[in-house]
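Residues per chain are reported as follows:
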Amino acid sequence: MAHLFTPLTLRGVTLKNRIVVSPMCMYSAEDGFANDWHLVHLGSRAVGGAALVIQEATAVAPEGRITPDDLGIWKDEHLPFLRRITAFIEAQGAVPGIQLAHAGRKASHRSPWKGGTEVPSSEGGWPTVAPSALPFASTETAPQALDQTGIDQVIADFRAATRRALAAGYQVIEIHAAHGYLLHEFLSPLSNQRTDSYGGSFDNRTRLLREVTEAVRAELPADLPLLVRISATDWVADGWSADDSVALARVLQGLGVDLIDCSTGGNVAQAPIPVGPGYQVEFAARIRQETGLPTGAVGLITDARQAEDIIATGQANVVLLARELLRDPYFPLHAAQELGVELPWPNQYERAKPRRR
Ligand SMILES: Cc1cc2nc3c(=O)[nH]c(=O)nc-3n(C[C@H](O)[C@H](O)[C@H](O)COP(=O)(O)O)c2cc1C
């Protein structure tokens, strides 16, 4: 049996294989509400055979949206449609997951295909918040530094969003602490120059993520797993480092986190990132090796044998695929075919279109 198709149990949730749909903003929501697009998009990844479908960065507060077109879970009215999505994913034998997010200083931007620039207030843009009043790029408006009341509100928003996510039927929660969004901004000394108990030392810069993690974990039943996505490095000297990530993983392990999803970058506009096949896998491997905590590898994993090798060699416990699953929503079924694994109904790979190379 290929390692890629062995089940993985995290607390009381069993993934039927090791292929996870990496969260991807689809910029197709209005006022945070999911619609038919999200049902078909996420549902088809479940039909395609992925074990866990993690819904895009879903904002815990309206001002935490990257773009006005992001999904949200800041009010109960969002839940009825989300329930349709989770029910459909589950009916395909996959696990519905959600990434809870706050975009911090990178909020209030147009989607990439609308240019990615800041949305002016005249067009519905809003003031952004961050640990310090430092813009992501020198051309952008500076965010407001959060005060203690604002920080408490962020923690309360993650807590309330978790409660809603459970009510909507998600079985896996992932906290988004990567890619230069709010929680990563607090971690990195490049974006966090606070002098209070949330800035300065490692202990202080990790405080908000620890408090958010504790709040989310406290809402979760003991049998549901919690994932945290981190950017394992800022890719620049004096930024957040791989050593920091190992230390953070140990702390998160003690707070009941079950898997670290290891991405990188996003907090420095011009970071020299050596993008190439599997370029972030080494961080998942190191964290797993040094902490014993399960990890997820992500980033240019596009090939069944590459994915199999990552799992077989113990570099990560799951692989997360993003763009390859846009190109080939049936990647898991094709991978099974390529690795000689026969899957039970309804995931017989014969039902999928042959893959063109
Ligand atoms: C259109 C698009 C939207 C994305 N949105 C998110 C997101 O909401 N949350 C997140 O953590 N990463 C997001 N990412 C990053 C992916 O999850 C993934 O980490 C990255 O694309 C590298 O994986 P890949 O090479 O398989 O695409 C997005 C990527 C793309 C292409």
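What counts, and at which threshold
- Residues numbered from 1 in each chain as written.
- Predicted model: local features only at pLDDT ≥ 70, side-chain atom pairs only at ≥ 80, totals over all residues.
- Heavy atoms only, no water.
- UniProt positions renumbered as here; feature names shortened; annotations may be inferred.
- Helix = DSSP H or I, 4+ residues; strand = E, 2+ residues; numbered from the N terminus.
- Rg over C-alpha atoms; globule rule 2.2 N^0.38 Å.
- Buried < 20%, exposed > 50% of the residue type's maximum accessible area, 1.4 Å probe, protein only.
- Contact = heavy atoms within 4.5 Å.
- Pairing = 2+ DSSP bridges.
- Right-handed = clockwise from strand over helix to strand, strands pointing away.
- Expected span 1.5 Å × (residues − 1).
- Arc of directions from axis to C-beta.
- Salt bridge = Lys/Arg side-chain N within 4 Å of Asp/Glu carboxyl O.
- Near = heavy atom within 4 Å.
- Polar contact = N/O pair within 3.5 Å; in protein donor to acceptor, adjacent residues only side chain to side chain.
- Areas by Shrake-Rupley, 256 points an atom, 1.4 Å probe, with all protein chains shown as cover.
- 1 Å grid on protein atoms, 1.4 Å probe; cavity = no way out; pocket = protein on both sides within 12 Å on 5 of 7 lines; lining within 4 Å.
- Sits in = over half its atoms within 2 Å of the grid points.
- Phe/Tyr/Trp six-rings, centres within 6.5 Å; stacked < 30°, edge-to-face > 60°.
- Lys NZ or Arg CZ within 6 Å of the ring centre and 35° of its normal.

The name an unreviewed UniProt entry assigns to the chain is NADH:flavin oxidoreductase/NADH oxidase, from the organism Hymenobacter jeollabukensis. Of the comments in the UniProt record for the chain, the one headed Cofactor (unreviewed entry) reads "FMN".

What follows covers the overall build of the chain. Along its length, the chain carries 11 helices and 12 strands. Compactness check: the chain gives a C-alpha radius of gyration of 19 Å against a globular reference of 21 Å for 357 residues, within 12% of the reference. Considering the chain as a whole, with its 357 residues, one finds that 60% of them fall into the buried category. Considering only contacts in the chain between residues 6 or more positions apart, those separated by 24 or more positions represent 71%.

What follows deals with the pairing of strand β11 (residues 295-298). Residues T295 and A297 line one face of β11 and the alternating positions G296 and V298 line the opposite face, and both faces are buried. When strand β10 (residues 259-263) meets β11, the two strands line up parallel, connected through 3 bridges. The residue bridging C262 from the neighbouring strand is A297, located in β11. Considered for its hand, the β-α-β crossover made up of β10, helix α8 (residues 281-291) and β11 is right-handed.

Compared with an ideal rise of 1.5 Å per residue, which puts 13 residues at 18 Å, helix α2 (residues 79-91) spans 18 Å between its outermost C-alpha atoms and is within 8% of the ideal. L79, F81, L82, I85, T86 and I89 are the residues of α2 that are buried. Down the axis of α2, the sector holding all buried residues measures 165°, keeping them to one side. Buried residues belonging to α2 abut α1 (36-47), β4 (52-59), β5 (95-101) and α3 (148-168).

Two side chains of opposite charge can pair, provided their charged atoms sit close to one another. Across all of its chains, the model carries 16 salt bridges by this definition. A salt bridge links R217 to D258; the nearest nitrogen and oxygen atoms lie 3.3 Å apart. Remark: D258 occurs in the loop between α7 (242-254) and β10 and R217 occurs in helix α6 (residues 207-219); sequence separation between them is 41 residues. Judged by relative accessible area, R217 falls into the buried class, the value being 12%. Note that D261 and R229 form a salt bridge whose closest N and O atoms lie 2.7 Å from each other. Of this pair, D261 sits in strand β10 while R229 sits in strand β9 (residues 226-231), placing them 32 residues apart in sequence. A cluster of three or more residues bridged by salt bridges with shared partners is formed by R11, R217 and D258.

Of all 8 residues in helix α11 (residues 331-338), 6 are buried; the element is thus mostly enclosed. Looking only at α11, the buried set comprises F331, P332, L333, H334, A335 and A336. Those residues of α11 that are buried lie in contact with β3 (19-21), α1, α9 (304-312), β12 (318-321) and α10 (323-327). G340 sits one or two positions beyond α11 and adopts a positive phi of about 75°.

Our focus in this paragraph is the site of the ligand. In the vicinity of the ligand, 15 residues are found, and the nearest of them are S22, P23, Q99, L300 and R323. At 2.8 Å, a backbone N or O of P23 approaches an oxygen atom of the ligand. When isolated, the ligand has an accessible area of 610 Å², and the protein chains bury 83% of it. When atoms are counted within 2 Å of each cavity's grid points, the one that captures over half of the ligand is the largest pocket.

To continue, consider the side chain of Q99. Within the secondary structure, Q99 sits in strand β5. Among the polar contacts listed, one links the side chain of Q99 to the side chain of E174, at a separation of 3.0 Å. Ignoring any residue separated from it by four or fewer positions in sequence, one finds Q99 in contact with P23, I54, Q55, E56, A57, T58, E174, H176 and R229.

Enumeration over the complete set of coordinates arrives at 4 aromatic pairs. Judged by centre distance (5.0 Å) and plane angle (80°), the rings of Y27 and W113 are edge-to-face. Of this pair, Y27 sits in the loop between β3 and α1 while W113 is found in the loop between β5 and β6 (129-130), placing the two residues 86 residues apart along the sequence. According to the relative accessible area criterion, Y27 is buried, its value standing at 18%. Assessed through its relative accessible area of 59%, W113 is described here as exposed. With 5.5 Å between their ring centres and 85° between their planes, W235 and F283 make a pair best called edge-to-face. You can see W235 sitting in the loop between β9 and α7 and its partner F283 sitting in helix α8, a full 48 residues away along the chain. F283 carries the same exposure label as W235, and that label is buried. Here the guanidinium or amino end of K106 rests over the ring plane of F136, the centre of that ring lying 4.5 Å away. Over the aromatic face of Y181 sits the side chain of K106, whose NZ or CZ is 5.1 Å from the ring centroid.

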